[in-house]
Amino acid sequence: LELLLVILAFVGLWVVLAKVAAGPIFSDELWYIQVGLNDIPAFNVMNRYVHIYMQKLFMELAPTPLEGVRIYWGFLVAFSTTLVYLAARLLSAKNSILHGLLAVAVLFSFHLLADYSGVTVVDIPAMALLALMLFLYILAVRFPHTQPWILVLLGVLLFMSLKTKETLIVTGILFFGFGFNSQGEY
């Protein structure tokens, strides 16, 4: 029942955020939109192509590019929110729904999400990728050696993270956590 409610909350939040989102305010975003829509080989943003082409997918599927950007932003924030909730729930076997809701409240307490409503600066997809990597890492720790695909997926996500925003190289630290055994020895 909780998983169904989480899925419904994700979809509901995505729809609401996409509807109320503002839009681009910086020239960087407009450049990313232009690069994505027109397939411009822009060397100054080559390390951010995951963000640009994910955004392009949403812009191509939406009735207008601006609406696509808003839907993309809503998706990223709703996806990150859902992952924060799930990660807080799975962090410990003793965690309850209250812990997940508290984690979401902390996320929403950051005014930057409201200040940059509909603004798909590269930090928003970076946040989503980081949330996904942390969630998968928690899954891998909670269910050790039962899901080897998680490690492969984390490697792919690390690459995608580096091609979204270079500062996400710090997420590579998660891989050192896989060196510990169940006794806590490295």
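Heads up: these notes are all about the structure in this document. (Residues numbered from 1 in each chain as written. Predicted model: local features only at pLDDT ≥ 70, side-chain atom pairs only at ≥ 80, totals over all residues. Heavy atoms only, no water.)

Evaluated as defined, the whole model comprises eight aromatic pairs. Ring centres of Phe 58 and Phe 75 lie 5.5 Å apart, and the angle between their planes is 35°; on these two criteria the pair is classed as tilted. Note that Phe 58 is positioned in helix H3 (residues 49-61) and Phe 75 in helix H4 (residues 65-90), a separation of 17 residues in sequence. For the residue pair Phe 58 and Phe 75, the accessibility class agrees, reading buried in each case. Connected via pairs of aromatic rings, a cluster forms that spans Phe 10, Trp 14, Phe 58, Tyr 72, Phe 75 and Phe 79. (Phe/Tyr/Trp six-rings, centres within 6.5 Å; stacked < 30°, edge-to-face > 60°. Helix = DSSP H or I, 4+ residues; strand = E, 2+ residues; numbered from the N terminus. Buried < 20%, exposed > 50% of the residue type's maximum accessible area, 1.4 Å probe, protein only.)

The next subject is the packing of H4 against helix H7 (residues 123-142). Remark: H4 packs on H7, axes separated minimally by 9 Å, with the N-to-C direction vectors making an angle of 25°. The angle between H4 and H7 places the two elements in the roughly parallel class. Crossing angle aside, the handedness with which H4 passes H7 is left-handed. Here Tyr 72, Trp 73, Leu 76, Val 77, Phe 79, Ser 80, Leu 83, Leu 86, Ala 87 and Leu 90 of H4 come into contact with H7, specifically with Ile 124, Pro 125, Met 127, Ala 128, Ala 131, Leu 132, Phe 135, Ile 138, Leu 139 and Arg 142. Its residues assigned to classes, the contact of H4 with H7 shows 18 nonpolar, one polar and one charged. (Axes fitted to C-alpha atoms, helices over the stretch in contact; angles between N-to-C directions. Parallel < 35°, antiparallel > 145°, perpendicular 65-115°, else oblique. Left-handed = near helix turned anticlockwise from the far one by under 90°. Contact = heavy atoms within 4.5 Å. Nonpolar A, V, L, I, M, F, W, Y, C, P; charged D, E, K, R; others polar.)

Within the secondary structure layout, Glu 60 lies in helix H3. Residue classification places Glu 60 among the partly exposed positions, given a relative accessible area of 48%. Sequence separation between Glu 60 and Gly 36 is 24 residues; the distance between their C-alpha atoms is 9.6 Å.

This brings us to the environment of Phe 26. Among the secondary structure elements, Phe 26 is positioned in the loop between helix H1 (2-20) and helix H2 (27-38). For the pair formed by Phe 26 and Val 121, sequence separation is 95 residues and the distance between their alpha carbons is 8.4 Å. Once residues lying within four places of it in the same chain are set aside, the contact partners of Phe 26 are Tyr 116, Val 119 and Val 121.

Attention now moves to H7. For H7, with 20 residues, the first-to-last C-alpha span of 28 Å sits near the 28 Å given by 1.5 Å per residue. Burial of H7 is extensive: 14 of the 20 residues sit out of reach of the surface. (Expected span 1.5 Å × (residues − 1).)

As a further point, take the nonpolar core. In this structure, Met 133, Phe 135, Leu 136, Ile 150 and Leu 157 are the most contacted members of the largest nonpolar core, which totals 17 residues. Only H4, H7 and helix H8 (149-162) provide two or more residues apiece to this core. With ten residues, the top contributor of residues to this core is H7. Aside from chain neighbours lying at most four places away, what touches Ile 150 is Leu 136, Leu 139 and Ala 140. (Core = buried A, V, L, I, M, F, W, Y, C linked by side-chain atoms within 4.5 Å.)

What follows is about unusual backbone geometry. One non-glycine residue, Asp 39, adopts positive backbone phi at about 50°. For Asp 39, the location among the structural elements is in the loop between H2 and H3. A residue is classified by how much of its surface remains accessible, and Asp 39, at 48% relative accessible area, is partly exposed.

On the surface, Leu 1, Leu 4, Leu 5 and Leu 8 cluster together into a nonpolar patch covering about 470 Å² of accessible area. Following the sequence through the fold, Leu 4 ends up in helix H1. (Patch = residues over 30% accessible without salt bridge, like charges linked within 9 Å, V, L, I, M, F, W, Y side chains within 5 Å. Areas by Shrake-Rupley, 256 points an atom, 1.4 Å probe, with all protein chains shown as cover. Salt bridge = Lys/Arg side-chain N within 4 Å of Asp/Glu carboxyl O.)

Now for H8. Across its 14 residues, H8 extends 20 Å between first and last C-alpha, which sits within 8% of the 20 Å expected from 1.5 Å per residue. For H8, every residue scored as buried is listed here: Ile 150, Leu 154, Leu 157, Leu 158 and Ser 161. When H8 is viewed along its axis, its buried side chains cluster within an angular range of 110° and face the same direction. Where H8 is buried, its residues meet H7. (Arc of directions from axis to C-beta.)

Keep in mind these values describe shape, not function.
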